[in-house]
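# Structure assessment
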Amino acid sequence: MTSPSPASDTTTRTAFRTCPLCEATCGLELTITERPGSVPVVTRIRGDRDDVFSKGFICPKGSTLTHFHDDPDRLRWPVVKRDGEFVEVSWDEAFATIEAGLMPLLAEHGRDAVAVYLGNPGAHSIAPMLFNRNVIQALGTRNRFSASTVDQRPKEITASLMFGSVSVPVPDLDRTQYLMVLGANPHASNGSLCTAPDFPGRLDRLQARGGKLVVVDPRRSETAERADEHLAIRPGTDAHLLAAIAHVMLAEGLARPDRVAPWCNGLDDLPAALAAYTPETVARACGIEAATIRRIAREIATAPSAAVYGRIGTCTQEFGTLASWLVDVVNILSGNLDREGGAMFTKGAVGQPSTKGKPGTGRGFRMGRAVSRVGQRPEIMGEFPVTALPEEIETPGDGQVRAVVTIGGNPVSSNANSARLDAAFASLQFMVSVDPYINETTRHATVILPPPSPLQKSHYDLALWNFAVHNVANYSPAVLPLEVKPDGERQLAEWEILLRLAGVASGMGAHADPNAFVTGAARSMLESAARDEFGPVFGRDVDEMEAMLGDLTGPERMLDVMLRTGPYGDAFGARPDGLSLAKLVENPHGVDLGALEAGRIPDLLRTPSGRIEVMPDAVVGDLDRLAASLERSWDDSMVLVGRRHVRSNNSWMHNIRVLTKGKNRCTMQIHPDDAARLGLRDGAPARVASRVGEVVVTAEVTDGIRPGVVSIPHGFGQDLPGVRLRVASEYRGVNTNLLTDEYFVDPLSGNIALNGVPVSVQPA
Ligand SMILES: Nc1nc2c(c(=O)[nH]1)N[C@H]1C(S)=C(S)[C@@H](COP(=O)(O)OP(=O)(O)OC[C@H]3O[C@@H](n4cnc5c(=O)[nH]c(N)nc54)[C@H](O)[C@@H]3O)O[C@H]1N2
Ligand SMILES: Nc1nc2c(c(=O)[nH]1)N[C@H]1C(S)=C(S)[C@@H](COP(=O)(O)OP(=O)(O)OC[C@H]3O[C@@H](n4cnc5c(=O)[nH]c(N)nc54)[C@H](O)[C@@H]3O)O[C@H]1N2
Ligand code: SF4
Ligand SMILES: [Mo]
């Protein structure tokens, strides 16, 4: 829509776009002002009241996309490091530099000499979701890493083992009458592995309809503050607590897996496996009274509907895989898996593995098909844990990592033992980063290839709408055009950057045509869809379908195929009312595909047995470690946990002054009893030390944290030499990952335990 505005030749128009910053996927309404001869500017961002999912909700970050867009520190053009300084170059020169620097290195030392690290924003952006794999394949390295092993890998593993594909059940927030949240603070994070715009409002409505909210967190977080009950658990003991809850349900005859029972393997073995975990046995470890645990178990089992939901605090800890598994064990036992108001499965429009191939069976999930060179760490989902990255760079020998490609990641900030990783990156011979900023990590790069800002990108949440509490689809075209320099050089779209990088890495050279990749990839997707005898386009003529894609290029071409062959798709004309890209373009506020459906089991399962594997061998094998931990002293010696704030986003939004202004948010929270014992005052500096390092941070004395626990948020500490983040570098923050320990992990998943890290604290 375009309308003339009072100022003579200025026009304004409105555009709609999904916010790409966190997992909540809020709809934004953007006002764009245009004047002939000038670049259009976004003059206002507010919540899109007509968005089918977010209905107008946004958080303080959503309206700052213009600040990010206008940030003078944000790179628009590629830079190459010469004599220690970054200089702006043309795209051709940037890719030629990569070709000249990286390819000889790989020719001499083999493909494993380059490692690739994929970061979090890739999960929020269509081009990396689709084309990171081209870069990885072209590099041909087995040294693949991502932020997943400082995040959700345990949950991905348990979902894959139990259900056969990464089908993570999400709490049916809008209908449940009882919600137990462990290790998540949606009031700050707006939710994760549970896409729910206005998660806080949904919790309010749960309480308003008479439902109960229980929060399990060592801190009285903003979410815990508003809960009906808060259990201030000792960090790292969620598996103990959940095992005891399951135990009570089994021992007291409250378990009623009901409808899904016929589709479960191993249910009968659960009572014996969990026999040791009585509430009385785990109470000391968890720091929660046995009677409370017993009561909660009964409440969950007898509530009209109930869902247990665990997130970062249950994954990034010592028993992450067990805790992630037990969340779903409890959901099964309470009869709430795959049931309205319980823990349900999203049906994404782009065709998840659980909606492809023969319903109710599949090849299942394998891990450990390879091990890393130095630490012998098993591959999982095609990656090694980030724990293995520093040692692979440092350790000489055949297969040593000498070059790194990062795509939308800041591992030097986000991964454990940052100092070691920082030194490892500094020692690299070559490094490429696809990233808009010169930060802790990318300052080590040889070449930085900046993607355009979110306002210049089209968007579809390929990942997050597979974990949403409501089935939706929404496509947003780019709001602003790519910039063009006076000499005619144009910014590259992120997909063009990734595919040209893939072109270089595959030996096709710096000038390979990105579109050739896209056409080939879309065609092979059509071919496999036509081969799926259970899919909507089985046996169809691939040429005919390809012709229907017209001249779509880039991510749009791929997205159209995915939508049209997906569970709601138009099947290339066979279901005329179905989804296609064109249909989403006609619906800028999104398409509502309905509430989550109950009864997806057994069709959704992709296990070889066609059943839910309730007792996956690998996970059950880890129970010995849990049992052994019961013998620990579990005293109140200090451990470190993290936290998030709504005005911050991992490591990369601290350069936006409107978000960072105000009081210091990078403080160490500590209980008054601990503070008194240690001689710490509120606002005074504290020295925190762990096995790997130490930091000095401002103490915040608060009874909102459990004694024996301190909390420092991650993503701060941008004041390193060479970083070009002028606002962030001045912030009074420290990097908490100078304390977290790369060898303190959940061994089964390789996921780093960022929470529950032993530390000592004293006045500085
Ligand atoms: N504003 C904002 N939003 C974000 C992000 C951000 O940085 N800022 N990051 C995004 C990302 S990448 C993710 S993965 C999500 C994460 O989203 P959430 O999982 O909601 O993460 P947090 O808000 O950090 O809340 C985790 C809580 O776990 C608690 N905790 C720590 N250790 C334990 C433990 O051992 N057991 C239990 N039960 N609790 C524990 C912490 O005190 C904290 O309150 O948020 C996303 N959204
Ligand atoms: N102690 C502690 N550490 C943690 C956590 C914790 O709770 N506690 N949480 C962990 C979690 S859950 C996560 S997900 C990780 C995140 O770990 P990472 O993904 O490694 O780090 P981010 O801070 O998200 O940095 C994202 C990078 O992407 C760049 N970027 C931003 N937008 C784009 C884009 O559109 N395209 C491209 N190509 N690049 C872009 C940014 O400039 C930045 O360099 O951190 C983890 N680290
Ligand atoms: S909660 Fe905030 S950051 Fe997350 S999607 Fe919504 S507006 Fe964006
Ligand atoms: Mo994350």
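Residue positions are counted from 1 within each chain, in the order its sequence is given. To label them, take the chains in the order written and letter them from A, then take the ligands in the order written and number them from 1. Reporting of local features is limited, given that this is a predicted model, to residues whose pLDDT is at least 70; pairs of side-chain atoms are given and counted only at 80 or more, and all residues count toward the totals for whole chains, interfaces and linings. With hydrogens and water excluded, all non-hydrogen atoms of the structure serve as input to the side-chain values.

## Some remarks on the overall build of the protein
Worth spelling out the cut-off: Put simply, DSSP H or I for four residues or longer makes a helix, DSSP E for two residues or longer makes a strand, and each gets a number counted from the N terminus. Just to be clear, the radius of gyration here is over C-alpha atoms, and the globule rule we use is 2.2 Å times residues to the power 0.38. Residue contacts are defined here by distance: any two heavy atoms, one from each residue, within 4.5 Å place the two residues in contact.
In terms of helices and strands, the protein carries 26 helices and 30 strands. In summary, the protein has a C-alpha radius of gyration of 25 Å against a globular reference of 27 Å for 764 residues, a match within 12%. When its C-alpha atoms are laid out on the principal axes, the protein stretches across 75 × 65 × 65 Å. In the protein, once contacts between residues fewer than 6 apart in sequence are set aside, the share between residues at least 24 apart is 73%.

## Some thoughts on the sheet that holds strand β11 (residues 212-216)
Short version of the rule: Here a strand pair is declared whenever DSSP counts at least two bridges between the two strands. Every axis corresponds to a line fitted to the C-alpha atoms, with the helix fit spanning only the stretch in contact, and the corresponding angles, defined between N-to-C directions, vary from 0 to 180 degrees.
Taken in spatial order, the four strands of this open sheet run β12-β11-β10-β14, and their pairing is parallel. In this open sheet, the two edge strands, each paired with only one partner strand, are β12 (229-231) and β14 (307-310). Looking at each pair of strands side by side, their axes are set apart by 15° on average, direction ignored. Here strand β10 (residues 178-182) runs beside β14; their pairing, made up of four bridges, is parallel. Along β14, the bridge assignment pairs L182 with G310. Against the sheet, helix α8 (residues 238-251) engages β10, β11 and β14, with an angle of about 150° to β10.

## A word on unusual backbone geometry
Basically, it comes down to this: For every residue, the accessible area obtained with a 1.4 Å probe (protein chains only) is divided by the maximum for its type, and the residue is called buried under 20%, exposed over 50%, and partly exposed between those limits.
For the bond running from I601 to P602, omega is 15°, close enough to zero to count as cis. Phi at K55 is positive, roughly 50°, even though this residue is not glycine. Along the polypeptide, K55 turns up in the loop between β4 (41-47) and α1 (65-70). Taking the relative accessible area as the measure of exposure, K55 reaches 59% and is therefore exposed. Phi is positive for N650, which is not a glycine, with a value near 45°.

## Thoughts on the domain arrangement of the protein
By a widely used convention, the size of an interface equals the accessible area lost when the partners come together. Just so we agree on the cut-off: Where each domain starts and ends comes from a domain assignment, either automatic or drawn from a database. The term buried area denotes the loss of accessible surface (1.4 Å probe radius) that occurs when two parts are joined, taken as the sum for both partners.
The domain boundaries assigned to the protein delineate domain 1 (1-141 + 402-466 + 470-528), domain 2 (153-346 + 609-625) and domain 3 (635-763). A separation of 29 Å is found between the C-alpha centroids of domain 1 and domain 3. Every contact between the two is made by 28 residues of domain 1 and, on the other side, 31 residues of domain 3. Buried area between domain 1 and domain 3, both sides added, is near 2600 Å², and the carbon and sulfur share of it is 55%. Per-residue buried area on domain 1 facing domain 3 is highest for K61, D73 and A416; these three make up 20% of the total on that side.

## Some points on the site of ligand 2
Note the cut-off: We define proximity as follows: a residue is near a molecule or strand when any one of its heavy atoms falls within 4 Å of that partner. N or O atoms within 3.5 Å of each other form a polar contact, as long as, within protein, one can give a hydrogen and the other can take it, and as long as residues adjacent in sequence are counted only when both atoms are side-chain atoms. To measure how exposed things are, a 1.4 Å probe is used in the Shrake-Rupley method; for residues, cover is taken only from the protein chains shown.
The local shell around ligand 2 holds 29 residues, among which Y117, N120, D435, K457 and S651 are the closest. K457 is positioned such that a nitrogen or oxygen atom in its side chain is 2.7 Å from an oxygen atom of ligand 2. Residue S651 places a side-chain N or O atom 2.5 Å away from an oxygen atom belonging to ligand 2. About the coverage of ligand 2: the protein hides 96% of its 920 Å² of free accessible area.

## A look at the environment of A285
Inspection of the secondary structure puts A285 in helix α10 (residues 279-286). Along the primary structure A285 and H109 are separated by 176 residues, whereas in three dimensions their C-alpha atoms are 49 Å apart. Every residue in contact with A285, bar those within four places of it in the chain, is listed here: R234, T237, H240 and W634.

## Description of the site of ligand 1
To keep it simple, the criterion reads: Side-chain classes follow a simple rule in which Ala, Val, Leu, Ile, Met, Phe, Trp, Tyr, Cys and Pro form the nonpolar group, Asp, Glu, Lys and Arg form the charged group, and the remainder, Gly included, forms the polar group.
What surrounds ligand 1 is a group of 30 residues, the closest being S189, D217, D238, S648 and N650. In the model, an oxygen atom of ligand 1 is placed 2.8 Å from a nitrogen or oxygen of the N185 main chain. The fraction of the free accessible surface of ligand 1 (930 Å²) that becomes covered by protein chains is 98%. Counting only elements with at least two residues in the shell around ligand 1, the list comes to α5 (186-189) and α12 (312-315). Looking at the shell around ligand 1 residue by residue, the classes come out as 10 nonpolar, 13 polar and seven charged. Domain assignment of the residues forming the shell around ligand 1 places at least three in each of domain 2 (153-346 + 609-625) and domain 3 (635-763).

## Quick word on the pairing of strand β16 (residues 403-407)
Summarising burial for β16: five of the five residues are buried, a large majority. Neither face of β16 is left uncovered, since the one carrying A403, V405 and I407 and the one carrying V404 and T406 both have all their residues buried. Bridge count between strand β7 (residues 114-118) and β16: five bridges; the pairing is parallel. Note that in β16 the partner of A115 across the bridge is V404. Note that β16 and strand β17 (residues 430-434) share five bridges and pair parallel. Bridge pairing links T406 to S433 in β17.

## With respect to the sheet that holds strand β8 (residues 144-146)
The seven strands are arranged β6-β5-β18-β17-β16-β7-β8 in an open sheet whose pairing can be described as mixed. Looking at strand neighbours, the two that pair on one side only are β6 (85-88) and β8, the edges of this open sheet. Geometrically, the sheet is characterised by an average inter-axis angle of 20° between neighbouring strands, direction not taken into account. Pairing between strand β5 (residues 79-82) and strand β18 (residues 447-449): two bridges, direction antiparallel. For V80, the partnering residue across the bridge sits in β18 and is V447. Lying on the sheet, helix α17 (residues 494-505) is in contact with β16, β17 and β18; it crosses β17 at an angle near 155°.

## Quick notes on empty space enclosed by the protein
Note the following rule: Residues are said to line a cavity or pocket when one of their atoms sits within 4 Å of a point; the points come from a 1 Å grid over protein atoms alone, cavities being sets where a 1.4 Å probe fits but cannot get out and pockets being open sets with protein on both sides within 12 Å along at least five of seven lines. Grid points are joined across faces, edges and corners, and a volume is the space filled by probe spheres set on the points.
Applying the stated criterion across every chain yields a total of four cavities of 30 Å³ or more. Considered as a void within the structure, the largest cavity measures approximately 90 Å³ in volume. Forming the boundary of the largest cavity are C19, L21, C22, A24, T25, C26, F57, I58, C59, K61, G62 and N190. Taken as a whole, the second largest cavity holds about 70 Å³ of empty space. K155, V168, P169, L193, V308, Y309, G310, R311, V327 and D328 together form the lining of the second largest cavity. Going through the elements one at a time, β14 and α13 (320-333) are the ones with two or more residues in the lining of the second largest cavity.

## Side note on the packing of α10 against helix α11 (residues 290-302)
Note the following rule: Here the word oblique covers every angle except those under 35 degrees (roughly parallel), over 145 (roughly antiparallel) and from 65 to 115 (roughly perpendicular). For any helix crossing, the convention is left-handed if the near helix is rotated counterclockwise from the far helix by under a right angle, and right-handed if that rotation is clockwise.
At their nearest, the axes of α10 and α11 sit 8 Å apart, and the two run at 115° to each other. It follows that α10 is roughly perpendicular to α11 by the angle criterion. Of the two elements, α10 crosses α11, and the hand of that crossing is right-handed. Where α10 abuts α11, its residues P279, E280, V282 and A283 lie against A290, I293 and R294.

## What about the state of the cysteines?
Heads up, the condition is: Here, two cysteine sulfur atoms that lie within 2.5 Å of each other are counted as a disulfide.
Within the structure shown, the criterion is met by zero disulfides. Free cysteine C286: the closest other cysteine sulfur is in C315, separated by 17 Å. Residue C286 is classed as buried on the basis of its relative accessible area of 0%.

## Focus: the pairing of strand β24 (residues 685-689)
When β24 meets strand β25 (residues 694-701), the two strands line up antiparallel, connected through five bridges. Looking at the pairing, A689 lines up with E694 of β25. Once β24 ends, the chain turns through four residues before running back antiparallel as β25.

## Quick word on the pattern of salt bridges
Note the threshold: For this document, the term salt bridge refers to a Lys or Arg side-chain nitrogen within 4 Å of an Asp or Glu carboxyl oxygen.
Taken as a whole and judged by the stated rule, the model has 50 salt bridges. Ionic pairing is found between R490 and E496, a salt bridge with its closest N-O pair at 2.8 Å. Judged by relative accessible area, which is 35%, R490 ranks as partly exposed. Residue E496 is classed as buried on the basis of its relative accessible area, which comes to 11%.

## Some remarks on the packing of α8 against α13
Between α8 and α13, whose axes approach to 9 Å, the crossing angle comes to 25°. It follows from the interaxial angle that α8 and α13 lie roughly parallel. Considering how the two elements wind past one another, α8 and α13 form a crossing that is left-handed. Counting all contacts with α8, which are made through D238, A239, L242, A243, I245, A246, M249 and L250, the residues of α13 involved are L322, A323, L326, V327, V329, V330 and L333. Here the contact of α8 with α13 is built from residues that sort into 14 nonpolar, no polar and one charged.

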